[in-house]
Amino acid sequence: MTGKILKGIAGFYYVQAADGKLYECRAKGIFRNKNVKPLVGDDVDISVLDETELKGNIDKILPRKNALIRPSVANVDQALVLFSVTQPEPNLNLLDRFLVMMEVQEVPVNICFNKIDLTGDERQMELAAIYEKAGYPVYFTSTCEKQGIREIKDLVQGKTTVLAGPSGVGKSTLTNLLYPKAEMETGTISEKIQRGKHTTRHSELFGIGRDTYMMDTPGFSSMYIEDMECGCLKDYFPEFEAYEENCKFLGCVHIGEKVCGVKDAVSEGKISQNRYDNYRLLYQELKEKRRY
Ligand code: GDP
Ligand code: ZN
């Protein structure tokens, strides 16, 4: 029978199988030949060992579409990063770090700003301008007043989405709107493993509809950019590329160079100043790390 790994704890994998039930599985045998470890999000073949106790064994990991390192999850279609327009104020440096991390791993990102009931349109337009110019889809919601939720539902429908964002921005409120408790119980995951307790930092996928999965990512605020050559950072700011042909040097990093298409685009307002400033900060950070 096929299934999907929703959670892994200490050598046990919780597999939502094609029969709709959640099996507690081990992965005996699959390590022997290949050095692959099952990941949350993996589609697998399992054999049922105990029908009543719902125990099984993972026999085979089916081919992966992708495998992220942070968070550790396979077969991801997209990320949804949630910030609030205010309370707390969005930390755009943190957002840009997250975007770089996802660009490195080639995961498309959608940005959502929540709590629009607390600010005016002007702030929304400002934020939209920064990120739409960079090519990211931007959504606005108020989970309190249930604005913009339909669009988010459509966005995640039929996909596996990694949800990220700092605490206090409304992630839990949004998730509850996307999958009311009743629907979640069908997965019976809450019967098997205690959730809702913030003691574990394990990644977990939630089935929220047919072929639709969400994953809450812990540890968002402790994000640092992977060890990367500072000269490569520019490749992960997708909006730079269109202007690089106006740079004098091939491999221009758009920092100290005199004739630079990217810097021109920033002064002309075609690239957001805010994004560029964060680029410089991250560049400096990577450069300093290299010295040690
Ligand atoms: P999480 O830490 O990201 O999971 O955030 P929560 O969902 O727990 O929400 C944090 C706080 O923000 C709670 O007090 C919520 O009531 C509040 N909140 C969530 N969404 C909204 C919203 O759209 N508007 C306003 N004004 N407050 C919100
Ligand atoms: Zn340049």
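Residues numbered from 1 in each chain as written. Chains lettered and ligands numbered in written order. Predicted model: local features only at pLDDT ≥ 70, side-chain atom pairs only at ≥ 80, totals over all residues. Heavy atoms only, no water.

With that settled, the discussion passes to the site of ligand 1. Within the structure, ligand 1 sits among 15 residues, and Thr143, Gly168, Lys171, Ser172 and Thr173 are positioned closest to it. Here an oxygen atom of ligand 1 sits 3.0 Å away from a polar atom, N or O, in the side chain of lysine 115. The backbone of glycine 170 places a nitrogen or oxygen atom 3.0 Å from an oxygen atom of ligand 1. Considering ligand 1 on its own, with 580 Å² of exposed area, one finds that the protein chains cover 68% of that surface. Grouping the amino acids of the shell around ligand 1 by side-chain chemistry returns four nonpolar, eight polar and three charged. (Near = heavy atom within 4 Å. Polar contact = N/O pair within 3.5 Å; in protein donor to acceptor, adjacent residues only side chain to side chain. Areas by Shrake-Rupley, 256 points an atom, 1.4 Å probe, with all protein chains shown as cover. Nonpolar A, V, L, I, M, F, W, Y, C, P; charged D, E, K, R; others polar.)

Turning next to unusual backbone geometry. With omega at -5°, the peptide bond leading from arginine 70 into proline 71 counts as cis. Topologically, proline 71 is positioned in the loop between β6 (67-68) and β7 (73-74). Of note, the phi angle at glutamine 87 is positive, near 50°, even though the residue is not glycine. Residue position: glutamine 87 is located in the loop between β8 (78-84) and α2 (92-104). Overall, the relative accessible area of 55% leaves glutamine 87 in the exposed class. (Helix = DSSP H or I, 4+ residues; strand = E, 2+ residues; numbered from the N terminus. Buried < 20%, exposed > 50% of the residue type's maximum accessible area, 1.4 Å probe, protein only.)

Core analysis: the largest hydrophobic core is formed by 37 residues, its most contacted members being Leu95, Phe113 and Tyr131. Sorting the residues of this core by element identifies β8, α2, β9 (109-114), α3 (121-133), β10 (138-140), β11 (160-164) and β13 (212-216) as the ones contributing at least two each. Here this core takes seven residues from α2, the largest share from any one element. Mapping this core onto the domain boundaries places at least three of its residues in each of domain 1 (2-64) and domain 2 (68-222). In this view, tyrosine 131 contacts Leu92, Leu95, Asp96, Leu99, Ile111, Phe113, Tyr136, Val138 and Arg275; residues no more than four positions away in its chain are not counted. With 21 residues, the next largest nonpolar core counts Val100, Ile255, Val266 and Tyr279 among its residues. (Core = buried A, V, L, I, M, F, W, Y, C linked by side-chain atoms within 4.5 Å. Domains from an automatic or database assignment. Contact = heavy atoms within 4.5 Å.)

Protein-derived coordination of the zinc ion (ligand 2) comes from Cys247 (SG), Cys252 (SG), His254 (ND1) and Cys260 (SG), at a distance range of 2.1 to 2.4 Å. Seen from the zinc ion (ligand 2), its four donor atoms lie at angles of 102 to 117°, and the figure they make is tetrahedral. Mapping the donors of the zinc ion (ligand 2) onto the primary sequence gives the spacing C-x4-C-x1-H-x5-C. Cysteine 260 carries the same exposure label as histidine 254, and that label is buried. (Donors = N, O, S within 2.8 Å, 3.2 Å for Na, K, Ca; no water. Tetrahedral: all angles 85-135°; square planar, octahedral: opposite > 155°, others 65-115°.)

This next bit is on the packing of helix α4 (residues 149-156) against helix α5 (residues 171-178). At their nearest, the axes of α4 and α5 sit 10 Å apart, and the two run at 75° to each other. The pairing of α4 with α5 is recorded here as roughly perpendicular in orientation. Within the contact between the two elements, α4 uses Ile149, Ile152 and Lys153 and α5 uses Leu174, Leu177 and Leu178. Split by residue class, the contact of α4 with α5 holds five nonpolar, no polar and one charged. (Axes fitted to C-alpha atoms, helices over the stretch in contact; angles between N-to-C directions. Parallel < 35°, antiparallel > 145°, perpendicular 65-115°, else oblique.)

Where α5 is concerned, the buried positions are Lys171, Leu174, Thr175, Leu177 and Leu178. One face of α5 carries all of its buried residues, which in axial projection span an arc of 160°. Elements that come into contact with the buried residues of α5 comprise β8, α4, β11 and β13. (Arc of directions from axis to C-beta.)

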